[in-house]
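# What the coordinates show
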Amino acid sequence: MITQPEHTYESGPPVPYRSPDAILRIDDNKLSDLVEDFFADKTAATQRAYRRDLKDFAEFLKVDSVDDAAKAFLGHGQGTANWRALKYRQHLVSRKLAPATTNRRLASLRSLVNFSTQVGLIPWDLSVKSVKHQKYRDTFGPGKEVVLKMFAAVREYPSPRKERDTVLLKLIYLLGLRRSEIAGLQLHDYDPGRKLLAVLGKGRSEKEILKISSGMIVSINEWIEKRGSEPGPLLNRLTVAGHTRNSMSPNGVYEIIKKIGRGIGVNVRPHGFRHTAITELCEEASKRGKTFKDVQDFARHKSPAVTLLYWDRAHSNQGEMSELLEEAIAVS
């Protein structure tokens, strides 16, 4: 009887014996182009996230690059791929990463496998499941009072930082933009005559046209007077002396918001700032006869279930019910 040789950790799990002719052979040239083709149609933000996740997987496999990880992962059949994904999941859990982080990294592997299936490189899917967790989203953010204090603090900044950071805060709070969307804005995306701003939204390949308020136009125009009218990023980094230089990265947006928050003694993230905007809008919408759909359109959530989290919590009576219970048992 022919038996399979003993397998090591590196070579994969034991599998039933099959003749060499029965094993799928993958063209090395196709594997070499796979990763770049996989990234080709994705946004810059998605590319960064997937590269980061696949780099972590490469380090787990102890190979030199993401390309090598793809070859090791896909080149030995479905059984070995599932086994390595399962060991990777166990590895991520052992590192005590947040479930959302673990599941995002597993999702990156699934996406790579799905793409490889679509282009005919492999005929199978990955069956390793995500870890279970209860998804939590802080929909409240730092709150309206903190937002007002941050706007007030920025008004005291020296020019041109005052003008730039005022626009930055308004883009997040009044338009609900994400930091990657702000970093991607170019001067030609701004149309003050028609009160429009073209934004490349999260996960989108074409820009969305958003209407902007008269007050925001005033702020953007004041910034452009300091920035200059030359083509390039709408918001720039600033030198210590206040001169504009280079484009602002998503991390640059993050650090500016953190710095403004630290200046008033609070810890604030750009997405938390956006959370407060959406939450406040949920509370105001009902008073003004606006609907749940209006809030979803503002937030540009693809799934109404995400907007519903904000809507339900903004209209929840949970706090009032807790007060009633406290009064009933007279606990101070």
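Residues numbered from 1 in each chain as written. Predicted model: local features only at pLDDT ≥ 70, side-chain atom pairs only at ≥ 80, totals over all residues. Heavy atoms only, no water.

### Observations regarding the sheet that holds strand β2 (residues 196–199)
Definition in use: Strand pairing requires that DSSP identify at least two bridges connecting the strands. Helix and strand labels come from DSSP, where a helix needs a run of H or I of at least four residues and a strand needs a run of E of at least two; each type is numbered from the N terminus.
Taken together, the three strands give an open sheet; going across it, the order is β1-β2-β3, and neighbouring strands pair in antiparallel fashion. Either end of the sheet is taken by a strand with one partner, and the two such strands are β1 (190–191) and β3 (208–211). Across four bridges, β2 lies against β3 in antiparallel orientation. Bridging from a neighbouring strand, Leu 197 pairs with Leu 210 of β3.

### A few points about the pairing of β2
Put simply, the rule is: Remark: exposure states derive from per-residue accessible area (1.4 Å probe, protein chains only) relative to the maximum for the residue type, with buried under 20%, exposed over 50%, and partly exposed in between.
Residues of β2 alternate between two faces, with Leu 196 and Ala 198 on one and Leu 197 and Val 199 on the opposite face, all of them buried. Where β1 lies against β2, two bridges are found, and the strand directions are antiparallel. Across the sheet, the residue bridging to Asp 191 is Leu 196, located in β2. Between β1 and β2, which pair antiparallel one after the other, the connecting turn spans four residues, and Lys 195 there sits at a positive phi close to 60 degrees.

### Some points on unusual backbone geometry
With an omega of 10 degrees, the peptide bond between Ser 159 and Pro 160 qualifies as cis. In this structure, Pro 160 sits in the loop between α6 (144–155) and α7 (161–173). Of note in this structure, Lys 96 is not a glycine but carries a positive phi near 60 degrees. Residue classification places Lys 96 among the exposed positions, given a relative accessible area of 74%.

### Considerations on the confidence of the model for the chain
The cut-off we apply is this: One confidence number per residue, pLDDT, is output by the predictor and ranges from 0 to 100. Contacts between residues were defined by any pair of non-hydrogen atoms, one from each residue, lying within 4.5 Å.
For the chain, per-residue confidence averages 81 on the pLDDT scale, and residues scoring 70 or more make up 81% of the total. Least confident of the elements in the chain is helix α14 (residues 318–329), whose mean pLDDT is 59; most confident is β1, at 96. Counting contacts from residues 1–24, a segment whose pLDDT is below 50, to residues more than four positions away or on other chains yields 23 contacts.

### A short note on the pattern of salt bridges
The cut-off we apply is this: Any carboxyl oxygen of Asp or Glu that lies within 4 Å of a side-chain nitrogen of Lys or Arg is treated as forming a salt bridge with it.
Scanning the model with the defined rule gives 13 salt bridges in all. Notably, a salt bridge pairs Lys 55 with Glu 59, separated by 2.8 Å at the nearest N-O pair. In this pair, Lys 55 and Glu 59 both sit in helix α2 (residues 44–61), four residues apart, roughly one turn of the helix. Residue classification places Lys 55 among the partly exposed positions, given a relative accessible area of 47%. Here Glu 59 falls in the partly exposed class, since its relative accessible area comes to 48%. Here Arg 105 ties to Asp 56 by a salt bridge, and the two come within 3.4 Å at their closest N and O atoms. Of this pair, Arg 105 sits in helix α5 (residues 99–118) while Asp 56 sits in helix α2, placing them 49 residues apart in sequence. Overlapping salt bridges bring together Asp 53, Asp 56, Arg 95, Arg 104 and Arg 105 as one network.

### Comments concerning the side chain of Glu 208
Following the sequence through the fold, Glu 208 ends up in strand β3. A relative accessible area of 17% places Glu 208 in the buried class.

### Remarks on the environment of Thr 166
Note that Thr 166 resides in helix α7. According to the relative accessible area criterion, Thr 166 is buried, its value standing at 16%. Thr 166 sits 13 residues away from Ala 153 along the chain, and the two C-alpha atoms are 9.8 Å apart. In contact with Thr 166, not counting residues within four places along its chain, are Phe 151, Val 154 and Ser 219.

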